[in-house]
Amino acid sequence: MKNINPYSILIFSIISIFMLYTLKWSLLYPTLSASVIVFFLITIVCLFLMSTVFKGITKNKKFNPHYAYKKYYEYIVVLVVIGTILDGMYSHGYPLLGSLKYGEDFGVPFLHVFTSILASFVAYMLLMVITFQKRHRLKAFVLLSITTICLFLPFSRLIIILTLLNYVWSFIYIKLRSSQFTFKKAIILMLFACVGLYLFGVLGNYRLNVQTNDSTKKVTDSTLIYQIGMPSQSFINSKIPSPYFWDYIYLTSSIGNLQNMITYSQSSSTDIKKFVITQFFPDTISKKVYSDYSDEVKFNTFQYQISPSLNVGTIFYEPYYLFGWLGVYLMLFFLLVFPILYLLIIQNVESRYFIYGLSVLNTIYVFMLFDNMFTLSVLSLQLLIPPISMIVIKNKNS
């Protein structure tokens, strides 16, 4: 798998985000303390060592994925459409159409998560069929268009980005394996990334315009996010298009929140059961066990946020709130061992599902400095698809 794995991706993410943070393009950001800098230096060293182990395990891994069009994709799309309709009926509308404000609870509890997982998975598979299979491309494109509409109606930019990232990792893996990933293709991917980041900002402006019932502003007008993120004069005077401020503030604000948490908070000791369930389990499970946990964290930590609207704090934010530095290092240990354990679980699955599992894991790790993606059910539960597929295929062949 060359040098692309969850560890190397997280190293790249840490270095990139810290470099962006030092630009101080937001007036809200505190100065980073020595303890935070040292911790992330230790993290980078540990990740580098584990990346070497990971590469050693996958070095001789042989796979030859076939992305043939499958009839069951049609059944999954039907389920996605039905789930999306039921979500809209339950919530009396869709966020994209302005029927309810972004941030309000949308969809039938649990069903919405299940629908989103199916939509993300089938969209990924259809993209792979269109890219690597010459037959049935028109069918795949029609189904993908329907699924895309279902993904956009809830107006969750995150799940769309996560799905596209899963596809990008798989595309790179396959092209690297066949030595077809050229410099030209890397440039094209970078251009697509720039366009995607710009669209992320444009959609963010649209979302805020809908949320504030302001139809007079253009989608390229970033006034509202400027009011939230308080850009520095150096950013305002730069020639960077204003929608990119969305990307900057989303990528870097979590570091500022983590720094404030470490500087000002008094960590509250908690029982280990609460720590494990709230930090390592998908939120569909943890919310059943600790239904008030999310409100508890918001109430007890809002004063450490650099802005009321910017409330993420990296994967280490809540562990510090729960257990101080002990919680942070426990989380780091989990980050270091999980990819190896998962790799051992899926090493014998069919090639296309093996690549899919690694791609989902890469996506989880690239966003670790944004938030704890292990608790995000619509993403983390996708890790179950490769081992489930292995069981299904084994039973089918037996």
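Residues numbered from 1 in each chain as written. Predicted model: local features only at pLDDT ≥ 70, side-chain atom pairs only at ≥ 80, totals over all residues. Heavy atoms only, no water.

## So, the environment of Phe132
In plain terms, the rule: Helix and strand assignments follow DSSP, with helices taken as H or I runs no shorter than four residues and strands as E runs no shorter than two, numbered in order from the N terminus. Three labels apply to residues, based on accessible area from a 1.4 Å probe with only protein chains included: buried if under 20% of the type maximum, exposed if over 50%, partly exposed otherwise in between.
Take Phe132: it is sitting in helix 4 (residues 111-132). By relative accessible area, Phe132 is classed as partly exposed at 27%. Along the primary structure Phe132 and Phe338 are separated by 206 residues, whereas in three dimensions their C-alpha atoms are 30 Å apart.

## Digging into the pattern of salt bridges
Cut-off, in case you're wondering: Within this document, salt bridges are pairs made up of a side-chain nitrogen of Lys or Arg and a carboxyl oxygen of Asp or Glu, the two lying within 4 Å of each other.
In the structure shown here, the tally under the stated rule is three salt bridges. Lys71 is the partner of Glu74 in a salt bridge, and the nearest nitrogen-oxygen pair spans 3.0 Å. For Lys71, a relative accessible area of 49% translates into the label partly exposed. Taking the shortest distance from any N to any O, the salt bridge between Glu296 and Lys274 comes out at 2.8 Å. Note that Glu296 is positioned in helix 13 (residues 293-301) and Lys274 in helix 11 (residues 272-280), a separation of 22 residues in sequence.

## Notes on helix 15 (residues 351-366)
Keep this limit in mind: Each residue after the first adds 1.5 Å to the expected span of a helix.
Over its 16 residues, helix 15 extends 22 Å from the first C-alpha to the last, a length consistent with the 22 Å expected when each residue adds 1.5 Å. Most of helix 15 is tucked away, with 15 of its 16 residues classed as buried.

## Description of the packing of aromatic side chains
Counted only if it meets this: Within 6.5 Å between ring centres, the rings of Phe, Tyr and Trp (the latter by its six-membered ring) count as paired, and their orientation is classed by plane angle as stacked under 30 degrees, edge-to-face over 60, tilted in between.
Under the criterion given, the structure shown has 38 aromatic pairs. Between Phe121 and Tyr356, the aromatic rings sit 5.4 Å apart at their centres with planes inclined by 75°, giving edge-to-face as the arrangement. With Phe121 in helix 4 and Tyr356 in helix 15, this residue pair connects regions lying 235 residues apart in the sequence. With respect to burial, Phe121 and Tyr356 carry one shared label: buried. Clustering of aromatic rings is evident, with ring pairs tying together Tyr7, Phe54, Phe275, Phe280, Phe323, Phe334, Phe338, Tyr342, Tyr365 and Phe374.

## Description of the packing of helix 7 (residues 183-211) against helix 10 (residues 244-264)
The criterion, for reference: Fitting a line to C-alpha atoms yields each axis, with helices limited to the stretch in contact; the angle taken between N-to-C directions then spans 0 to 180 degrees. In this scheme, roughly parallel covers angles under 35 degrees and roughly antiparallel covers those over 145, while 65 to 115 is roughly perpendicular and the rest are oblique. Working rule for contacts: check all heavy atoms of both residues, and any pair within 4.5 Å makes them a contact. Gly is put with the polar residues, along with every residue not named as nonpolar or charged; the nonpolar set is Ala, Val, Leu, Ile, Met, Phe, Trp, Tyr, Cys and Pro, and the charged set is Asp, Glu, Lys and Arg.
It is the contact of helix 7 with helix 10, at a shortest axis distance of 7 Å, that shows an interaxial angle of 95°. What the angle tells us is that helix 7 and helix 10 run roughly perpendicular. For the pair formed by helix 7 and helix 10, the contact residues are Cys194, Leu197, Tyr198, Phe200, Gly201, Gly204, Asn205, Arg207 and Leu208 on the first element and Tyr244, Trp246, Asp247 and Tyr250 on the second. The class makeup of the residues in the contact of helix 7 with helix 10 is eight nonpolar, three polar and two charged.

Everything listed is a geometric property; what it means functionally is a separate question.
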